[in-house]
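# Inside the fold
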Amino acid sequence: MTSTAPEKTLPDKAPAPVSEIELSIGGMTCASCAARIEKKLNRMDGVTATVNFATEKAKISYPDGIEVADLITTVEKTGYTAAEPPPPTPPGGDGEVRSAPPVADNEPLSLRQRLFTSLALSVPVVLMAMVPALQFDNWQWLSLTLAAPVVVWGAFPFHRAAWTNARHGAATMDTLVSIGTLAALGWSLWALFFGHAGMPGMRHGFEFTISRSDGSSSIYLEAAAGVTTFILAGRYLEARSKRKAGAALRALLELGAKDVSVLRGGTEVRIPVAQLAVGDRFVVRPGEKIATDGTVVEGASAVDASMLTGESVPVDVGVGDAVTGATVNAGGRLVVEATRVGADTQLARMAKLVEDAQNGKAEVQRLADRISGVFVPAVLLIAAATLGAWLGVTGDATAAFTAAVAVLIIACPCALGLATPTALMVGTGRGAQLGILIKGPEVLESTRRVDTVVLDKTGTVTTGRMQLQDVFTAPDVDEGELLRLAGALEHASEHPIAQAIAAGAIERAGSLPVPENFENVAGLGVQGVVDGHAVLVGREKLLKEWVIELPRELAEAKAAAEAEGRTAVAVAWDGKARGVLTVADAIKETSAEAVAELRRLGLKPVLLTGDNQLVAQSVARAVGIDEVIAEVLPQDKVDVVKRLQNEGRTVAMVGDGVNDAAALATADLGLAMGTGTDAAIEAGDLTLVRGDLRVAADAIRLSRKTLATIKGNLFWAFGYNIAALPLAAFGMLNPMIAGAAMAFSSVFVVTNSLRLRSFR
């Protein structure tokens, strides 16, 4: 029965609250392990999981109604272990916060023991098999004595993982290794005990390819022991390289101070940093690290932020200036009031951004994961087909068996699983060291397509602060005197232009006298008495009210400055015009160099600003930008980005203010200056910790290089497997050579990724 009544529109259901957690995963040995865990978790209702083989972590979003214990149980049912991150340990009785005991990382140690023992036992086995001169009577029994512990004990992690996976109806790389090495050992045992291979005086040569022979007199102990040793070596080098790849993040997390001198009741009390609270005031002496983000309330110094931002020049700070935790006080004593503590500090947020990026997956890696998920079962079928084909065509069981084992061993997809995560770990870690925070792998793919970069003017290309630029004086007027009298009057005003003149006067002329009868004339300027002189500082209109005219040379200087987009301020005293001061938002020293670098990367720069066209054109000319979009309201910046995108451009946006946040989010690639607001940083894809525009070019170069490394790794991993499988199936690879090649492919991928550590 159908109804013709119109459908009622149901109100949208409120989305179920979603929680996030990161679990440490144990027992993974290859990419297909990670793919299996990810698949099982994603089958749970409302669960979205990403499992990273390199970092051995699962990032999981799950709805209300699912407990963390359910997630852990699902992982364990898949045959692996999972654990929550340890909670922070409360302060001990002595007042110190004790960190949770470190989890013992015994895997590299266990691998090393197995590797070196297996190596010591395997070398004689391989030498005896390869060099007929070393094959004394009954040498084959010594080979068995040496090789058996390697295949049984040395390869035990592979056998255990293969058995666990088999119990769960799955096959991974360990299945291939375990079947291959046990089959080689089993064949050798049959030939030694039931065939002719155990007879005194048995000899055989070594070949890189597979040749036909009598199966009952052939042993493969050197292949079984050699493959095990090569794969253990690959795993060990992998583990070490993975630890190196994550070294930048660990170094970042260890940058912070461990304890701090807090002011309590006028006295200093030394406490662990973890006990600091927002509002606490603490002392930072020369050479000490600043414990947390805060504001200077007493003292002046220079702060070295090089370890956090990569900026080598110390920054001068005084009362009212913000300082960042983990930076070093290079000068005088400071008293700082904490404004952010714990996970809210810039250092903690940097570390979180880096870790999140390392745990993510680029689109190219998702393809690799899908392939590795079906790769192992496919290889088992290919091995079985190889065995059958050789038996059918040649009737030689030995050659058939050897080719099948070579297929099993050569095909391990380790390199596929390591291609993306290792490059990401190294690239994002190196970025963090240089003050570049990459939010996720998908960001890397955006940097390749970008062709236009929109630069917000204020705070990005310019400093965002008005500064005194030029001083023009009337004949017979001393510049120092002009600055002293004008600066004294402006120092009493809170207007940004007045503050810029006062700061410039102090810098160029020294200390300023105190004015008398100070008066702020709304919209025109200020007036008062300084050192007995009646002084006026402001617009030309203010001087005209006192019947004072600017002489021709000062009027021309004022007109020229205004034509360049600068603000001109007239100065008069004792009834006569004495000079003109020009003020402007100063262009950062590095902006022109940065724009040139962006052009070299193939990007077209566009200057975007709410300022008038004159000011915008002046700044654009100074830094080498041709395209200017001026007089744009904050809410219209998004429309500008969309318009450029509609023209077919792929747009990157660089900004730092609250009014840039929406445009940063709309752009194909958002680069937020870390010196800017939290809203901008949250909206950006890349965060540039320093306020230096050159870092934007560095960020794009690093992102592109990291993506190129990922693609190179995946090309090698795919190409290796595609090329090597037919060689093994057609009998052109000895199983031991196949094992060495497989181990080398994984080590190559990791080593290639580690080259990113040298990025400059």
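Residues numbered from 1 in each chain as written. Predicted model: local features only at pLDDT ≥ 70, side-chain atom pairs only at ≥ 80, totals over all residues. Heavy atoms only, no water.

Looking up the protein in an unreviewed UniProt entry gives the name Cation-transporting P-type ATPase B, with the organism given as Streptomyces aurantiogriseus. Regarding the protein, the UniProt comment filed under Subcellular location (unreviewed entry) reads as follows: "Cell membrane". The UniProt entry for the protein carries the following text under Sequence similarities (unreviewed entry): "Belongs to the cation transport ATPase (P-type) (TC 3.A.3) family. Type IB subfamily." (UniProt positions renumbered as here; feature names shortened; annotations may be inferred.)

### A few points about the UniProt feature "transmembrane region" (unreviewed entry) in the protein
Feature annotation in UniProt assigns "transmembrane region" (unreviewed entry) to the following positions: residues 115-133, 139-156, 176-199, 219-237, 371-393, 399-420, 713-730 and 736-754. Taken end to end, residues 176-199 is 79% helix and 0% strand, and its first and last C-alpha atoms sit 31 Å apart. (Helix = DSSP H or I, 4+ residues; strand = E, 2+ residues; numbered from the N terminus.)

### Structural notes on the packing of aromatic side chains
Within this structure, the stated rule accounts for four aromatic pairs. When the ring of W187 is compared with that of F401, the centres are 4.7 Å apart and the planes differ by 15°; the resulting orientation is stacked. Of this pair, W187 sits in helix 6 (residues 173-194) while F401 sits in helix 12 (residues 397-410), and the two are 214 residues apart along the sequence. Three or more aromatic residues link up through ring pairs in this structure, and these residues are W187, W190 and F401. (Phe/Tyr/Trp six-rings, centres within 6.5 Å; stacked < 30°, edge-to-face > 60°.)

### Considerations on the side chain of T452
Relative to the elements of secondary structure, T452 occurs in strand 15 (residues 452-456). Overall, T452 belongs to the buried group, its relative accessible area being 2%. Within polar-contact distance, the side chain of T452 engages the side chain of D451 at 2.9 Å. Here T452 is in contact with L603, K604, V606, R649, T650, V651 and A652, once residues within four sequence places are set aside. (Buried < 20%, exposed > 50% of the residue type's maximum accessible area, 1.4 Å probe, protein only. Polar contact = N/O pair within 3.5 Å; in protein donor to acceptor, adjacent residues only side chain to side chain. Contact = heavy atoms within 4.5 Å.)

### Describing the pairing of strand 25 (residues 669-673)
Among the five residues that make up strand 25, five are buried, leaving the element largely enclosed by the rest of the structure. The alternating pattern of strand 25 places L669, L671 and M673 on one face and G670 and A672 on the opposite face, and all of these are buried. Here strand 24 (residues 651-655) runs beside strand 25; their pairing, made up of four bridges, is parallel. The residue of strand 25 that forms the bridge with G655 is A672. Where strand 25 and strand 26 (residues 686-688) come together, three bridges link them in parallel fashion. Across the sheet, the residue bridging to M673 is L688, located in strand 26. (Pairing = 2+ DSSP bridges.)

### What about the sheet that holds strand 26?
Taking strand neighbours across the sheet as the criterion, the seven strands line up as 14-26-25-24-15-22-23 in an open arrangement whose pairing is mixed. In the strand order of this sheet, the two ends are held by strand 14 (436-438) and strand 23 (627-629), each with one partner. Across the sheet, the mean angle from the axis of one strand to that of its neighbour is 20°, orientation sign disregarded. Note that strand 15 and strand 24 share four bridges and pair parallel. Note on strand 24: the bridge partner recorded for L455 is V654. Those strands touched by helix 22 (residues 637-646) are strand 15, strand 22 (604-608), strand 23 and strand 24, and its axis lies near 155° from that of strand 24. (Axes fitted to C-alpha atoms, helices over the stretch in contact; angles between N-to-C directions.)

### Here we look at helix 25 (residues 694-729)
Helix length check: helix 25 (36 residues) gives 53 Å between terminal C-alpha atoms against 52 Å at 1.5 Å per residue, within 8%. At the exit of helix 25 stands G731, carrying a positive phi of roughly 75°. (Expected span 1.5 Å × (residues − 1).)

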